[in-house]
Amino acid sequence: MSKKSKTELENNKLNKRLRHAVGDAINDFNMIEHGDKIMVCLSGGKDSYALLDILRQLQASAPIDFELIAVNLDQKQPNFPEHVLPEYLQSIGVPYKIVQEDTYSVVKRVIEEGKTTCSLCSRLRRGVLYRTAKELGCTKIALGHHRDDILQTLFLNMFYGGKLKAMPPKLVSDNGEHIVIRPLAYVKEKDLERYAELKQFPIIPCNLCGSQPNLQRQVIKDLLNDWDKRFPGRIESMFSALQNVVPSHLADTELFDFAGLQRGQNLKHGGDLAFDGEEISFSGSLNDGDEQSTIMLPENPKHKVINILASKPKVSCKN
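This write-up is about the structure you can find in this document. None of the values given here were measured: they were computed from a predicted structure. (Residues numbered from 1 in each chain as written. Predicted model: local features only at pLDDT ≥ 70, side-chain atom pairs only at ≥ 80, totals over all residues. Heavy atoms only, no water.)

**Examining the packing of aromatic side chains**
Applying the stated criterion across every chain yields a total of ten aromatic pairs. Measuring from ring centre to ring centre gives 6.4 Å for Tyr-88 and Phe-201, while their planes differ by 90 degrees; the resulting arrangement is edge-to-face. With Tyr-88 in helix H3 (residues 84-92) and Phe-201 in the loop between helix H7 (189-199) and helix H8 (216-230), this pair connects stretches of sequence that are 113 residues apart. Taken as a pair, Tyr-88 and Phe-201 share a single burial class, namely buried. Taken together through their ring pairs, the aromatic side chains of Tyr-49, Tyr-88, Tyr-195 and Phe-201 make up a single cluster. The ring of Phe-231 carries the charged tip of Arg-234 above its face, separated from the ring centre by 4.0 Å. (Phe/Tyr/Trp six-rings, centres within 6.5 Å; stacked < 30°, edge-to-face > 60°. Helix = DSSP H or I, 4+ residues; strand = E, 2+ residues; numbered from the N terminus. Buried < 20%, exposed > 50% of the residue type's maximum accessible area, 1.4 Å probe, protein only. Lys NZ or Arg CZ within 6 Å of the ring centre and 35° of its normal.)

Okay, here's the thing in structure tokens:
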């Protein structure tokens, strides 16, 4: 096999892996339904570019109809290349809206020099995006957070917030008016990096926060990347744990009735096992190969979920 053919094969495998990972996440959490109008938040980074690209692929082949509109928030950062995103979106024929809001000045005025700006910037950005989604009549807001982001958030909350909390793949927005989805929830960041190179997305760096040293998230990211190199499979196992929560074996009295626990009571997940040695089956497109894994899902879902990875029904021609 020639080098060119081998590269094309690897690229096709990467595209297929990403499509299935996104499709699995959409199916598992019923993220997209027939008739949805989805606002895809486009920052100019690799993750949001890939999100839009893969959703467009699924939109073309899925057995349900849904709309996509790309929205970028121009935060008026100095030297921000305003022409890049409009030119790109026009070139691929995607409806879009550029929202101009000077949150940069607000952040720089409020946050002391040397302090991280992520928290305030994120809150301001969310408010603008929620308002925009309402104005556009969107039913879902799609964000580009991936599997690594979710795990980083889990550790950030444990280490610095004292909470066992991550980023859910699907949730209700802060104001209660929108459904926020993260279709990249099963996707590895390193796959997104390779995909961005393959697609040659016009990446726009975030100069507001990207250059800040000693960010807590960056420290966690470096830690997880080190574990991934030294202990292959550990990241997959940790993500699997987010889908296999056992409240009776934690210590939150609001999630489990420890006070009412009685002798002889049968617990769903068994008794006092210091370490569960049995094999755990986890799901999603979490591995590099084409092996299929099983997703631990609740039985008897309340809503009928249509497989977005299926093909559109063929239209029969009647004479």
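Read on, since the account is not over.
**Observations concerning the pattern of salt bridges**
Under the counting rule described, the total for this entry stands at 17 salt bridges. Here Glu-82 and Lys-76 are joined by a salt bridge, their closest N and O atoms 3.3 Å apart. Its relative accessible area of 29% is what places Lys-76 among the partly exposed residues. Ionic pairing is found between Lys-190 and Asp-228, a salt bridge with its closest N-O pair at 3.5 Å. (Salt bridge = Lys/Arg side-chain N within 4 Å of Asp/Glu carboxyl O.)

**Regarding unusual backbone geometry**
Phi at Lys-76 is positive, roughly 60 degrees, even though this residue is not glycine. Mapped onto the secondary structure, Lys-76 falls in the loop between strand E2 (67-74) and H3.

**Details of the nonpolar core**
Ranked by internal contacts, the top residues of the largest apolar core, which has 52 residues, are Val-22, Ile-26, Ile-32, Val-40, Leu-55, Phe-66 and Leu-224. With seven residues, the single largest contributor to this core is helix H2 (residues 46-61). Not counting residues up to four positions away in its chain, the partners in contact with Val-40 are Leu-51, Leu-52, Leu-55, Leu-68, Ile-69, Ala-70, Val-71 and Ala-142. Membership of the second largest hydrophobic core comes to 14 residues, among which are Ile-69, Val-71, Val-128 and Val-180. (Core = buried A, V, L, I, M, F, W, Y, C linked by side-chain atoms within 4.5 Å. Contact = heavy atoms within 4.5 Å.)

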